[in-house]
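One letter stands for each residue in the lines below.
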Amino acid sequence: MAATGDLLDLSLRDFLEAVASEDPTPGGGTAAALAVAISAGLTTMVARGSGDWPEAGSAIAQAERIRKRIAPLAQRDAEAYEEALVSMTLPERVEPTVRDVTVGAALWRAAEVPMAIAEAGADAACLASLVAERGTQARRADAVAAALLAEAATWAAAGLVRVNLTITAEDKRTKQARRLGETASTAARQAVQTLGAA
């Protein structure tokens, strides 16, 4: 499926069909962005149901900011990846230097979006962990689910950063993406531990 339409306007059924199609988009980055958005939505739901928690309003506002920040990245990821795919199919008659620069620039742009997804995912995991700890016990499992979704999405996006940059694991951007994954994992572990405290 070409990323010409807005993926967020598709029904859930149509979106899932698009993901399962043979087309390369929507792919892993789009799925990761939507997982972060779902995580933020779950966190909002739990915080809204935590009326006795004085900081619930702040948690709701933060989760909604994350959700609004991440949702457009689902579409942007598909578009950036399609642009990178087009650049990699430039004709052989194009001067090699021009081709390399064009492909490199497209891959760089394709890596920027997953980096933003990883950043939002780490933020979402940390917030979900806080809500799991301090929000209502009756919905704690949903906050834990939010943290785990955000963790998985952060690692998925971090992997795409590395793949899209086609560079070594020691590059500062891949190190940053890995640190975001580690932050999300720490938050998710802390969230899971709150289930034992119930």
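Now for a description of the structure that goes with this document.

Reading the values: rules and limits
Residues numbered from 1 in each chain as written. Predicted model: local features only at pLDDT ≥ 70, side-chain atom pairs only at ≥ 80, totals over all residues. Heavy atoms only, no water. Helix = DSSP H or I, 4+ residues; strand = E, 2+ residues; numbered from the N terminus. Buried < 20%, exposed > 50% of the residue type's maximum accessible area, 1.4 Å probe, protein only. Contact = heavy atoms within 4.5 Å. Areas by Shrake-Rupley, 256 points an atom, 1.4 Å probe, with all protein chains shown as cover. Lys, Arg positive; Asp, Glu negative; His and termini not counted. Charge placed at Lys NZ, Arg CZ, Asp CG, Glu CD. Salt bridge = Lys/Arg side-chain N within 4 Å of Asp/Glu carboxyl O.

Concerning the overall build of the protein
For the protein, the count of helices and strands is six helices and zero strands. In the protein, the succession of helices and strands from N to C terminus is α-α-α-α-α-α. With respect to the three principal axes, the spread of C-alpha positions in the protein is 65 × 40 × 25 Å. Counting only residues that meet the buried cut, the protein has 43% of its 198 residues in that class. Of the contacts formed within the protein by residues at least 6 apart in sequence, a portion of 73% connects residues at least 24 apart. Carbon together with sulfur atoms contributes 56% to the accessible area of the protein, which is approximately 10,100 Å² in total. The centroid of the 20 positive side-chain charges in the protein is displaced by 6 Å from the centroid of its 25 negative side-chain charges.

Points about the environment of Ala147
Turning to its location among the elements, Ala147 is positioned in helix α5 (residues 140-165). Look at Ala147 and you get buried, because its relative accessible area is 0%. Here the alpha-carbon distance between Ala147 and Lys172, two residues 25 residues apart in the chain, equals 26 Å.

So, the pattern of salt bridges
Enumeration over the complete set of coordinates arrives at four salt bridges. Of the charged contacts in the structure, one is a salt bridge between Glu55 and Arg134, with a shortest N-O distance of 3.2 Å. Within this pair, whereas Glu55 is found in the loop between α2 (28-48) and α3 (56-87), its partner Arg134 is found in helix α4 (residues 96-134), the two being separated by 79 residues in sequence. You can call Glu55 partly exposed: its relative accessible area is 39%. On the accessibility criterion, Arg134 (40% relative accessible area) is partly exposed. Residue Arg69 pairs with Asp123 through a salt bridge whose shortest N-O separation is 2.9 Å.

Some details on the side chain of Ser129
Residue placement: Ser129 occurs in helix α4. Accessibility expressed as a relative area gives 7% for Ser129, which makes it buried. Setting aside chain neighbours within four positions, we find Ser129 in contact with Ala147, Ala187, Gln190 and Ala191.

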